[in-house]
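Structural description and commentary
Each chain is listed here by its residues.
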Amino acid sequence: MEKVTVALGKRLRELRRSLGWSLDHAAAQTGVSKAMLGQIERGESSPTIATLWKVATGFQVSFTRLVAGLSLNSLALADGEHLHALESDPGIEVTVRFAFDPSVNFEWVELRLAPGSESHSDAHQAGVTERILVLEGELELWLAGEWQRYQAGATVCFDADQPHGYRNSGMDVLVFQDVIHYA
């Protein structure tokens, strides 16, 4: 089976070429350097989850569309499959609960952050919202330049067309579900 980084590189190159974009243009759209995009396309780099979000946002595709097919144990990252931490994100695991569905414009993922793990995301496209349900642990959510705390059972909805981040500064694993709705 193809290594995740190689499969991701092929996916990114195909997506970029289908749009007729040069690496320079893709870098300008995503905020990811041309050199890094080239390394990803060649399978030489294992990007962080945050970098994957930047790429998806810049290409104006859903996160699950970008990572579909990257599971090491399957031909497709379908509902319920895991995108285990890439080498650069050892403390983060993403499970797809529902892959992006264009008929309803949302995807539903579950994230597990090990103690001390943190993930930041650039602003998504205008109109994107996120709805989070904290299942276990305490989520620290970075919005409008400050960290806010949410305990297990808490819900929060926010406009994701702004920079935001997730952090687990607790001693236990943090588990939360995130429904991302695209405009």
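Anything mentioned here points back to the structure above.
Below or above, wherever it landed, is the structure these notes cover. (Residues numbered from 1 in each chain as written. Predicted model: local features only at pLDDT ≥ 70, side-chain atom pairs only at ≥ 80, totals over all residues. Heavy atoms only, no water.)

**Describing the environment of Gln60**
Structurally, Gln60 is set in the loop between α4 (49–58) and α5 (63–67). The sequence separation of Gln60 and Thr30 amounts to 30 residues, and the corresponding C-alpha distance is 9.3 Å. (Helix = DSSP H or I, 4+ residues; strand = E, 2+ residues; numbered from the N terminus.)

**Here we look at the side chain of Glu140**
Of note, Glu140 is situated in strand β6 (residues 138–143). Overall, the relative accessible area of 3% leaves Glu140 in the buried class. A distance of 2.7 Å separates the side chain of Glu140 from the side chain of Arg167, its partner in a polar contact. Not counting chain neighbours up to four residues away, the residues in contact with Glu140 comprise Trp147, Gln148, Arg149, Gly165, Tyr166, Arg167 and Ser169. (Buried < 20%, exposed > 50% of the residue type's maximum accessible area, 1.4 Å probe, protein only. Polar contact = N/O pair within 3.5 Å; in protein donor to acceptor, adjacent residues only side chain to side chain. Contact = heavy atoms within 4.5 Å.)

**Section: the pattern of salt bridges**
In the structure shown here, the tally under the stated rule is nine salt bridges. A salt bridge links Arg13 to Glu41; its shortest N-O distance comes to 4.0 Å. Residue Arg13 is found in helix α1 (residues 4–18), and its partner Glu41 is found in helix α3 (residues 34–41); the two are separated by 28 residues along the sequence. Residue classification places Arg13 among the partly exposed residues on the basis of a relative accessible area of 24%. Residues joined by salt bridges that share partners form a network here, namely Glu138, Glu140, Arg149 and Arg167. (Salt bridge = Lys/Arg side-chain N within 4 Å of Asp/Glu carboxyl O.)

**Some words on unusual backbone geometry**
Unusually for a residue other than glycine, Asn105 sits at a positive phi of about 60 degrees. The topology assignment puts Asn105 in the loop between β2 (92–101) and β3 (106–113). Looking at Asn105, the relative accessible area reads 26%, which means it is partly exposed. Look at Ala144: it is not a glycine, yet its phi comes out positive at around 50 degrees.

**Let's talk about the packing of aromatic side chains**
Scanning all chains against the criterion turns up five aromatic pairs. For the ring pair Phe98 and Trp108, a centre distance of 5.1 Å and an interplane angle of 35 degrees mean the geometry is tilted. With a gap of ten residues between them, Phe98 in strand β2 and Trp108 in strand β3 connect regions that are remote in the sequence. With a relative accessible area of 41%, Phe98 lands in the partly exposed category. Among the residues examined, Trp108 registers a relative accessible area of 26% and is labelled partly exposed. Consider the rings of Phe100 and Tyr182, whose centres lie 5.4 Å apart with planes at 90 degrees: the pair is edge-to-face. Residue Phe100 is found in strand β2, and its partner Tyr182 is found in the segment after β10 (174–181); the two are separated by 82 residues along the sequence. (Phe/Tyr/Trp six-rings, centres within 6.5 Å; stacked < 30°, edge-to-face > 60°.)

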